[in-house]
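Each chain is listed here by its residues.
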Amino acid sequence: MGFVMFLFFTLFIFMVKETKVYAHSSEIRALMDMKAALDPDDKYLSSWTINGDPCAGLFEGLACNEKGQVANISLQGKGLNGKLSPAISGLKNLTGLYLHYNSLYGGIPKELANLTELTDLYLNVNNFSGEIPPEIGNMGNLQVLQLCYNQFSGSIPTQLGSLKKLNVLALQSNELTGAIPASLGNLGVLMRLDLSSNRFFGSIPTKLADAPLLEVLDVRNNSLSGNVPLALKRLNDGFLFRNNFGLCGSGFMHLKACNTSDNPNANRPEPFASGSSGLPTREIPETANLRLPCNQTHCPNSSKSHQASVIAGTVVVTIALCVIGVLSFTQYRRRKQKLGTSFEMSDSRLSINPVKGVYRKNGSPLISLEYSSGWDPLADGRNLCGQEQDVFQSFRFNLDEVETATQYFSEANLLGKSNFSATYKGILRDGSVVAIKSISKSSCRSEEAVFLKGLNILTSLRHENLVRLRGFCCSRGRGECFLVYDFVSCGNLLKYLDLKDGDVHVLEWSTRVSIVKGIAKGIAYLHSHKVKKPTLVHQNITAEKVLVDQRFNPLLADSGLQNLLTNDVVFSALKASAGMGYLAPEYATTGRFTDKSDVYAFGVIVLQVLSGKRKVTNLVRLGSDACRFQEYIDPNLNGRFFEYEATKLARIAWLCTHECPIERPTMEGVVQELSNCSSCL
């Protein structure tokens, strides 16, 4: 009896193995169909082959989760000029799809809605056309939907109001028409909605204005009319409405007051009848909610009757004996193909960190492949030689040192967390205070060589205005990488903005000028090609990234960090910086970061330092009238500043935030210009 049970168990294992192989082959077929549609000339996706393994790191732009399933496709800016195939629905475990900045055309296949695990969908800056499929409303895990800068037409499907987890909806610069659906007000976590540069008409629904977490609503360059809901005043600069000549409302700058002929009903999502807004009545079709056909994944399998006859038992025994040999060969072959061992975690170590579970839940959907060395890319000095190995070894910490320094990642030592990392204060054995940034494995680059190159870049950065990297530790057991930095005691620049009169943290004028110059020097060092390091673009310069030490010396944090992180994590970091106005305008059309995009962000910070305000979007829009600096200088200074220096800083800020990147100065030029400020000497 025991032998028979063993044979049944062996057969079960074989069936599981065969099921995985079948799932793997079904994904291969889907990928091959996608390749034929996305890249019909086979110019860019030649690494996608029918006999290849998509989880072995050989398929360009693909990464898998820990179960060996395709979880992420990152092909942004690859020059693809085909279509999006309905076959993509076969990748049922996909969580991130990044196809932006290509030349793709045609419509979005409704089969895309079968990807119910998808959280990030980036199709912006292509040539897609047709209507937005209402079936997208069934993608319950979607958090970011980027369809802007295409040629989509028709109205916004009301079904999008069912996307309860949606944070960002970007539809600007299309040919969309109709009314703004009131159902978008059901999106309880929606933070940014961009509908600008389309052909929308009718009113702004009051229900949308009441969306609890909404921070930015951009409806510029449409044909909207009627009374603007008063609730939108809370957005301040986040509500953008220019070039909608039918809008009216009280309390909004540049809006006329409403009269009796203006439409009083702002709740209604469709255009109003003649006599109210002056626009003809137009019926907007309500697309029905469609129930997706069930597939092999979601439909219940029919039950099979149990065969207990002696003949069936004999057959099972015979098959099982044959299977043992086949299984041994299959396991050997798949072991050779697999990039590394299965993902291992120490439950005992993970249990001591209650915070880590929080940010992992909101982290990157991409699960990195296991490195061949077991997630310690520096084990036994692999891939390193000579002087480079010596440099790396001098930066390495072991896990015991990291755990001891942070008191086993005590919550009392937690400085802050994001959707991909947590930062702890720690004390090393030599008594020095450090900040230890913990980055989950799922947020790190999956290619071992690329990760090592990024780590090498971080260790090469040495400047008085950059936060110093003390070392790092990669832990296989915890599935994390730790970066150990010098601790900077006085917080970040945000702490010194938006202060009330008399606050002890109000910065003196000379300190502000010194901070501006220090930031400029740090950025100029990153951009420089004259030092023994690669030329770098920071990509995410914000006031939060500027730390201040006890002498008010500014230190730029996270320099070069993007070289360690996956693309989707980098994209998510951009959402916050874009919302605060740090993102250069050309990024919307090019999708590229250059030294001039860093210069733009620096200009915004200069305006923040001058005004003492966090939000300076209006100042950037005002133009280049630097002589009007008195209008936005921080009143907390009480006139204690030098007009000559204020004028020069204002002029530098305007030049750095110029809409055209070629008109912006280099950071080296900015440093030279600032050297003439008396307080900077």
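In this text the structure is predicted, and so the values were computed from the model without any measurement.

### Description of the overall build of the chain
Broken down by element type, the chain carries 15 helices and 23 strands. A fraction of 60% describes how many contacts in the chain between residues 6 or more apart in sequence connect residues 24 or more apart. Split by element, the accessible area of the chain, about 31,900 Å² in all, is 53% carbon and sulfur.

### Focus on the side chain of Asn244
Positionally, Asn244 belongs in the loop between β15 (239–240) and β16 (246–248). From its side chain, Asn244 meets the backbone oxygen of Val219 in a polar contact 2.8 Å long. In terms of polar contacts, Asn244 uses its side chain to reach the backbone amide nitrogen of Asn222, at 3.3 Å.

### Structural notes on the packing of aromatic side chains
The tally for this structure, following the rule as stated, stands at 10 aromatic pairs. Arranged with centres 5.7 Å apart and planes meeting at 75 degrees, the rings of Phe239 and Phe252 form a pair that is edge-to-face. A residue pair is termed long-range when its members are at least 10 positions apart, and Phe239 in strand β15 and Phe252 in the loop between β16 and α3 (310–337) qualify at 13 residues. Across this residue pair, the class does not change: Phe239 and Phe252 are buried. Arranged with centres 5.3 Å apart and planes meeting at 25 degrees, the rings of Phe409 and Phe482 form a pair that is stacked. Here Phe409 is found in the loop between α7 (399–405) and β17 (414–417), whereas its partner Phe482 is found in strand β21 (residues 480–486), with 73 residues between them in sequence. A single burial state applies to Phe409 and to Phe482, both of which are buried. What links up through ring pairs into an aromatic cluster is the set Phe239, Phe241 and Phe252.

### Re helix α8 (residues 448–460)
The end-to-end C-alpha distance of α8, which contains 13 residues, comes to 19 Å, matching closely the 18 Å that a straight helix rising 1.5 Å per residue would cover. The set of residues buried in α8 consists of Glu448, Phe451, Leu452, Gly454, Leu455, Ile457, Leu458, Thr459 and Ser460.

### Here's the deal with the pattern of salt bridges
Here the structure, examined in full by the defined rule, presents 10 salt bridges. Of the charged contacts in the structure, one is a salt bridge between Lys35 and Asp42, with a shortest N-O distance of 3.3 Å. A relative accessible area of 13% places Lys35 in the buried class. Linking Arg468 and Asp486 is a salt bridge whose minimum nitrogen-to-oxygen distance equals 2.9 Å. Of this pair, Arg468 sits in the loop between α8 and β20 (469–475) while Asp486 sits in strand β21; the two residues are 18 residues apart in sequence, bridging distant segments of the chain. For Arg468, a relative accessible area of 46% puts it in the partly exposed group.

### As for the sheet that holds strand β12 (residues 199–202)
Spatial ordering of the open sheet is given by β4-β6-β8-β10-β12-β14-β16, a layout of seven strands whose pairing is parallel. Here the strands that pair on one side only, and so sit at the sheet edges, are β4 (105–106) and β16. Alignment of strand β6 (residues 127–131) against strand β8 (residues 151–154), held across three bridges, turns out to be parallel. Note that in β8 the partner of Gly130 across the bridge is Phe152.

### Some thoughts on the confidence of the model for the chain
In the predicted model, the chain carries a mean pLDDT of 76, and the fraction of residues at 70 or more is 73%. The weakest mean pLDDT in the chain belongs to helix α4 (residues 347–350) at 28; the strongest belongs to strand β23 (residues 554–556) at 96.

### Notes on the sheet that holds strand β13 (residues 216–218)
Strand-to-strand pairing in sheets goes through backbone hydrogen bonds, with the strands running parallel or antiparallel. Reading across the sheet, the nine strands line up as β1-β2-β3-β5-β7-β9-β11-β13-β15 and stay open at both edges, with mixed pairing between neighbours. With one partner strand each, in any of the chains shown, β1 (62–64) and β15 form the two edges of the open sheet. Bridge analysis of strand β3 (residues 96–98) against strand β5 (residues 120–122) gives three bridges, and the strand direction is parallel. Its bridge partner being in β5, Leu97 is matched across the sheet by Leu121.

Parameters and conventions
- Residues numbered from 1 in each chain as written.
- Predicted model: local features only at pLDDT ≥ 70, side-chain atom pairs only at ≥ 80, totals over all residues.
- Heavy atoms only, no water.
- Helix = DSSP H or I, 4+ residues; strand = E, 2+ residues; numbered from the N terminus.
- Contact = heavy atoms within 4.5 Å.
- Areas by Shrake-Rupley, 256 points an atom, 1.4 Å probe, with all protein chains shown as cover.
- Polar contact = N/O pair within 3.5 Å; in protein donor to acceptor, adjacent residues only side chain to side chain.
- Phe/Tyr/Trp six-rings, centres within 6.5 Å; stacked < 30°, edge-to-face > 60°.
- Buried < 20%, exposed > 50% of the residue type's maximum accessible area, 1.4 Å probe, protein only.
- Expected span 1.5 Å × (residues − 1).
- Salt bridge = Lys/Arg side-chain N within 4 Å of Asp/Glu carboxyl O.
- Pairing = 2+ DSSP bridges.
- pLDDT = per-residue confidence, 0-100.

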